Amino acid sequence: MDRLKELRRLRALSQDELSALSGVGRATISRIETGETGARGRTLRRLAAALGVDVAELVAKAKGD
C-alpha cells in the first residue's frame, strides 16, 4: 500500500516508530507497504489513527499514482 508508506514518510516515521504508535507489528507494516499482504478492519483503523488520518485517506491512491 503505497499510501501507507507515503503518509508514514511525510510524518518522518520509521516502520518501528509507526509500529510503536499503532500497535501493529513492524513486519506487518512492511508486508502491507510492499503489497505482500493487505490490511483490513482493525489494522487499518489502528494505522490511520497513528498517522492522524481517516481510514479513507489511508486507502486512497498515493499522490504519485
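This text goes with the structure placed above it.
Residues numbered from 1 in each chain as written. Predicted model: local features only at pLDDT ≥ 70, side-chain atom pairs only at ≥ 80, totals over all residues. Heavy atoms only, no water.

### Let's talk about the side chain of Glu 33
Threshold: Secondary structure elements are taken from DSSP: a helix is a run of H or I of four residues or more, a strand is a run of E of two residues or more, and numbering for both begins at the N terminus. Think of it in three bands: with a 1.4 Å probe and only protein chains considered, a residue is buried below 20% of the maximum accessible area for its type, exposed above 50%, and partly exposed in between.
By the element assignment, Glu 33 lies in helix α3 (residues 26-34). Overall, the relative accessible area of 7% leaves Glu 33 in the buried class.

### A short note on the packing of helix α2 (residues 15-22) against helix α4 (residues 41-51)
Put simply, the rule is: To obtain an axis, a line is fitted to C-alpha atoms, over the contacting stretch when the element is a helix, and the angle between two such axes runs from 0 to 180 degrees between their N-to-C directions. In these notes the angle categories are as follows: under 35 degrees is roughly parallel, over 145 is roughly antiparallel, 65 to 115 is roughly perpendicular, and the rest is oblique. The contact criterion used is simple: two residues touch if any of their non-hydrogen atoms lie within 4.5 Å. Each residue gets one label: Ala, Val, Leu, Ile, Met, Phe, Trp, Tyr, Cys and Pro are nonpolar, Asp, Glu, Lys and Arg are charged, and the others, such as Gly, are polar.
Viewed as axis vectors pointing N to C, α2 and α4 meet at an angle of 105°, and their least axial separation amounts to 9 Å. It follows from the interaxial angle that α2 and α4 lie roughly perpendicular. Taking contact as the criterion, the partners of Leu 18, Leu 21 and Ser 22 in α2 are, on α4, Arg 46, Leu 47, Ala 50 and Leu 51. Among the residues forming the contact of α2 with α4, the class breakdown is five nonpolar, one polar and one charged.

### Considerations on the nonpolar core
Where a protein is soluble and globular, its nonpolar side chains tend to be buried together. Cut-off, in case you're wondering: We define the nonpolar core as a collection of buried residues of types Ala, Val, Leu, Ile, Met, Phe, Trp, Tyr and Cys that are connected through side-chain atoms lying within 4.5 Å of one another.
By size, the foremost hydrophobic cluster in this structure holds 14 residues, and its most contacted members are Leu 4, Leu 18, Ile 29, Leu 47, Leu 51, Val 53 and Leu 58. Those elements giving two or more residues to this core turn out to be α1 (2-10), α3 and α4. The leading source of residues in this core is α4, at four residues. Setting aside residues up to four positions removed in sequence, Leu 51 forms contacts with Leu 4, Leu 7, Arg 8, Arg 11, Leu 13, Leu 18 and Leu 58.

### Quick look at the pattern of salt bridges
Threshold: Basic side-chain nitrogens of Lys or Arg form a salt bridge, by our definition, when they fall within 4 Å of a carboxyl oxygen of Asp or Glu.
Under the definition given, this model contains four salt bridges. Residue Glu 57 pairs with Arg 3 through a salt bridge whose shortest N-O separation is 3.1 Å. Within this pair, whereas Glu 57 is found in helix α5 (residues 55-59), its partner Arg 3 is found in helix α1, the two being separated by 54 residues in sequence. Ionic pairing is found between Arg 8 and Glu 33, a salt bridge with its closest N-O pair at 2.6 Å. With Arg 8 in helix α1 and Glu 33 in helix α3, this residue pair connects regions lying 25 residues apart in the sequence.

### Concerning the environment of Leu 18
With respect to the helices and strands, Leu 18 occurs in helix α2. The exposure class of Leu 18 is buried, given its relative accessible area of 0%. In this structure the C-alpha to C-alpha distance between Leu 18 and Ala 48, which are 30 residues apart in sequence, comes to 10 Å.

Structural measurements only, silent on function.
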